[in-house]
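Residue-level structure breakdown
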Amino acid sequence: MSTITLTVKKIPEIYLECESLNPDTFAGKNAEQIAKLPCYQGKAMSTLGDFFTIEGNAGATATDTQIVVNGDCSKMKYIGAKMTAGEMVVNSDCDMYTGSWMSGGKLLVKGSVHSFCGLAMKGGEFTVEGNAGNYLGAAYRGDWRGMSGGILRVKGNAGSDIASFMTGGEMIIEGSADIHIGTHMDGGKIIIKGNVNRRLGGQLVKGELYVFGNINVMMPGYKKVSEVDLDVDGTKAKFAEYIGDLGERHPKKKGETVYGKLYKKL
Amino acid sequence: MSEYIIKNGHVFDPVQGIKGDKKDIAVKDGKIVDKVGSSAKVIDAKGKTIMAGALDIHAHVAGPKVNAGRWYRPEDKHFDSHKVPGITRIEGGKSIPTVFKTGYAYARMGFTFAMEAAMPPLYARHVHEEIHDTPIIDEGALPVFGNNWFVMEYLKNQEIENSAAYVAWILRQTKGYGIKVVNPGGTEAWAWGLNCLSIHDNVPYFDITPAEIITGLMKTNEYLGLPHSMHIHQNNLGNPGNYTVTLDTLRLAEGVKANNNFGRDQIMHSTHLQFHSYKGTNWGDFESGAKEVMDYVNKQKNITVDTGNVTLDETTTMTADGPFEHHLHGLNHLKWFNVDVELETAAGVVPYIYDPNIRVCATQWAIGLELALYAKDPMRCFITTDHPNAGPFTRYPRVYAWLMSKKYRDERLNTFKHADKVISATNLSGMDREISLYELAQMTRAGPAKALGLSKDYGGLKVGMNADIAIYNIDPDNFPSAGAEIEKAFGNVAYLFKDGKICVENGKVVDMGNKHTFWVDAKVKENKQVMHDIREKFLKYYSVNENNYPVPESYAPHQHIINVDAA
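Note that the coordinates shown come from a computational prediction; the quantities given were computed from them, not determined experimentally.

1. Quick word on the overall build of chain B
Counting its secondary structure elements, chain B contains 17 helices and 26 strands. For chain B, the C-alpha radius of gyration of 22 Å lies close to 24 Å, the compact-globule estimate for 567 residues. Principal axes of the C-alpha set define a box for chain B whose edges measure 65 × 55 × 50 Å. In chain B, which comprises 567 residues, the proportion classed as buried is 59%. Across chain B, contacts joining residues at least 24 apart in sequence account for 78% of those joining residues at least 6 apart.

Written as structure tokens, this is what we have:
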């Protein structure tokens, strides 16, 4: 695996759209070629070389490419978006769309990410060591296809409207999250180790929600059915099991209605 | 204005019957001329195909429902919001492109005219605002009449003269081009929670049937002598078994004679026929009725049709057929937009994914191609995708490639997930016909121009006609064998002349041209009854004042007015 290191040399004046900053675009290119890749500031096109010093070469394929990004990326969007393979480590905060539409590989952000990150993620591993904003792993504005695969882990807190329209994959928030979690969810798994505010699993058709902390206000469409012992992401404990959202349509399998599940740690 | 001489190209022009012969074409002052001076700029078209600019007879490209699609589907334009170098503005959107992209994309494919297929009269200003902002191509818009209260009341009593006076008034108020009919009676019936699924269903309250509305509007059209015929989206769209309703509707054309000074022969244009050519009783035994429908169309000479080819893309359906969109939303559960337009019409919008892995979608794809391949007279069968309903218009090159190469369409057909079922539900696999370049020029140029009553100046390359010329990188002596190459050639013209000006060169837009808005000004005798009815309905029902209804001149500053005298 070849490592290529990008270091921010100029903070963009307005937000920079780094749609080229991913292993797939870098694959097979040397530092000089990568410096010429486009990035947009509004309607003006500039190049990655205008904002980063670039050292090393990318591997022949995305799988063989590791990208390390240093410096302040808090005004950069789309880092690691659409990546299908390879590895990326960003030693900074990032702006919107980080890791969105990714379908493979590993993306590690050592800082925090803004809203709309991990949108419609299909596969791979996306880890945020800081906090995440709103709409994490959700569907793009207007779209009805949210996160469908992969593992999205946030070590801090997450905002509101996370995992909207989720259909698969796993999202783990080690801190707390705000309102509207897993709205319209139709599969997949969300684990929240801290507290959640309200409107958890509204209009949820299928899928699993796990909450370790408190739920400020429970949705009326959930009904407690039993208590179970579970091992959730390394934590063994007793959970109250709820089914829901009872106000939503639910599919039938072998004559039985399939409900979404909500597990609240006791 | 500059003079040009296009040399050595292979010309395909149904107007003059030229089938690929090498012929020089001279252009001066926006017209095709006999000869030009020695200083004329020479365009070398050696090894290239030359046709007139194409005309799209039916596309939803401007107006409130198109814009509803744009604002409620931000995801449709998400990844294409960047500015590219050159004179063009940002081009966003796939199934519902921005007005700018609409103009550029049509021009790049060799089109010089598009007809907005459904203009709600009340919102005509919005339609014209968008048309005005669409660069390069000429456009017109068809106001919808099939569920209009005035029309239903006049036609119920067979008052063709009053109906004609009202239509003429609307065309002038809205700067409209002709008579569009969408699910006649059915959209109005839906206000009562009903629909008209056959042409003999009664429209509640108005006590009239779709058959009476259709026949009445055909007669109204010929009474006025409009350049285009009555243009119909039939009842019972998109349902298995609907081909019998389609045949019933088409038969209404028997016995009605065309009356106009524009060289138009048809009295009914039946649009997006693919959606109306289904056999079977449900989605399980759903199959093609293309042969039955086209057998009738082929022998009934006063009908023209367009195909409505499914392109197998994710798209956005939109129509004035309100009940249909509600029905579709019930099938796919995707977001639904709906609006009622007072006394006139309604509209709905629902996203739709024509998934090649779904048997029904693949069968619809095959039916669309069958229709074009069954057509015996390419001057009466035009290729459309009912943009964006069956697919975006930007897929025309691919549709052409499927029609022009049996190999290419068979590759697609045989690799469907349910290929066996699709093959047995359709006749496509047994069809060997490949559409020729000459036939394509009939189906996309001369044919639609004639059906729109524009054949005097458009759709051909005869001396005196408008210099709308598309030059493609296709050598007819060495026709591309790969479908992808055909697609590429039709998607990127070598040159597009619009009104004698080069607007596209090597697939790149280089000039915004001088676009015009076409509309029809029909003069009728003063009709006090109709003017009284209009005044009364505005006072009683409309949410706007009659004086705020017309489209002001400033909304269509570059007009091409076609005058009709029925007085």
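That shown, we press on.
2. Here we look at the interface of chain A and chain B
Each partner contributes residues to the interface: chain A has 7 residues there, and chain B has 8 residues. By residue class, the composition of the side of chain A that touches chain B is 3 nonpolar, 1 polar and 3 charged.

3. Details of the packing of helix 9 (residues 290–299) of chain B against helix 11 (residues 359–374) of chain B
Residue and element names in this part refer to chain B. Their axes nearest at 9 Å, the elements helix 9 and helix 11 cross at an angle of 30 degrees. Taken together, the axis directions place helix 9 and helix 11 in an arrangement best described as roughly parallel. When the axes of helix 9 and helix 11 are compared, the crossing they make is right-handed. Across from A290, K291 and M294 in helix 9, the residues of helix 11 making contact are I367, E370, L371 and Y374. Of the residues assigned to the contact of helix 9 with helix 11, the class counts are 5 nonpolar, no polar and 2 charged.

4. Quick word on the nonpolar core
By size, the foremost hydrophobic cluster in this structure holds 177 residues, and its most contacted members are B:A107 and B:I471. The greatest single-element share of this core, amounting to 10 residues, is contributed by helix 11 of chain B. Dropping the residues within four chain positions of it, B:I471 is found in contact with B:I6, B:G9, B:A45, B:K48, B:I50, B:V493, B:A494 and B:Y495. Counting 71 residues, the second largest nonpolar core, distinct from the first, contains A:L48, A:F52, A:L152 and A:A177.

5. Some points on the confidence of the model for chain B
Of the residues in chain B, 100% reach a pLDDT of 70 or more, and the chain-wide mean stands at 97. On the interface metric, ipTM, the complex scores 0.89, and its pTM is 0.95.

6. Section: the sheet that holds strand 17 (residues 314–319) of chain B
Residues and elements named next belong to chain B. If you walk across this open sheet you meet the 3 strands as 17-19-18, and the pairing is antiparallel. In this open sheet, the two strands that pair with only one neighbour each are strand 17 and strand 18 (337–341). With direction set aside, neighbouring strand axes in the sheet form an average angle of 15 degrees. Direction of pairing for strand 18 relative to strand 19 (residues 345–353): antiparallel, over a ladder of 5 bridges. Each residue of the ladder has a partner; that of F337, found in strand 19, is V349. With respect to the sheet, helix 1 (residues 64–72) is in contact with strand 17, strand 18 and strand 19, its orientation differing from that of strand 19 by roughly 40 degrees. Running at roughly 25 degrees to strand 19, helix 10 (residues 322–332) makes contact with strand 17, strand 18 and strand 19 of the sheet.

Conventions used here
- Note on numbering: residues in each chain are counted from 1, in written sequence order.
- Written order decides the labels, with chains lettered from A and ligands numbered from 1.
- Local features in this predicted model are restricted to residues of pLDDT 70 or higher, and side-chain atom pairs are both shown and tallied only at a pLDDT of 80 or more, whereas totals for entire chains, interfaces and linings draw on every residue.
- The way it works is that DSSP assigns letters per residue, a run of H or I at least four long becomes a helix, a run of E at least two long becomes a strand, and they are numbered from the N terminus.
- Our radius of gyration looks at C-alpha atoms and nothing else; its globule reference is 2.2 Å times the residue count to the power 0.38.
- Partly exposed residues are those whose C-beta has more than 12 but fewer than 20 other C-beta atoms within 10 Å; 20 or more makes a residue buried and 12 or fewer makes it exposed, with C-beta atoms placed from the backbone.
- Here the contact rule is simple: place C-beta atoms from the backbone, and any two residues whose C-beta atoms are within 7 Å are in contact.
- Residue classes follow a fixed rule: Ala, Val, Leu, Ile, Met, Phe, Trp, Tyr, Cys and Pro count as nonpolar, while Asp, Glu, Lys and Arg count as charged, and any other residue, Gly among them, counts as polar.
- Fitted lines through C-alpha atoms serve as axes, helices being fitted only where they are in contact, and the angles separating the N-to-C directions of these axes extend from 0 to 180 degrees.
- Reported orientations rely on four angle classes, namely roughly parallel under 35 degrees, roughly antiparallel over 145, roughly perpendicular from 65 to 115, and oblique for the rest.
- Should the near helix be turned anticlockwise from the far one by less than a right angle, the crossing is termed left-handed; should it be turned clockwise, right-handed.
- For this analysis, nonpolar core means a set of buried Ala, Val, Leu, Ile, Met, Phe, Trp, Tyr and Cys residues linked through C-beta atoms within 7 Å.
- Each residue carries a pLDDT value, the predictor's own confidence for that position, ranging from 0 to 100.
- By definition, two strands form a pair when at least two bridges between them are found by DSSP.

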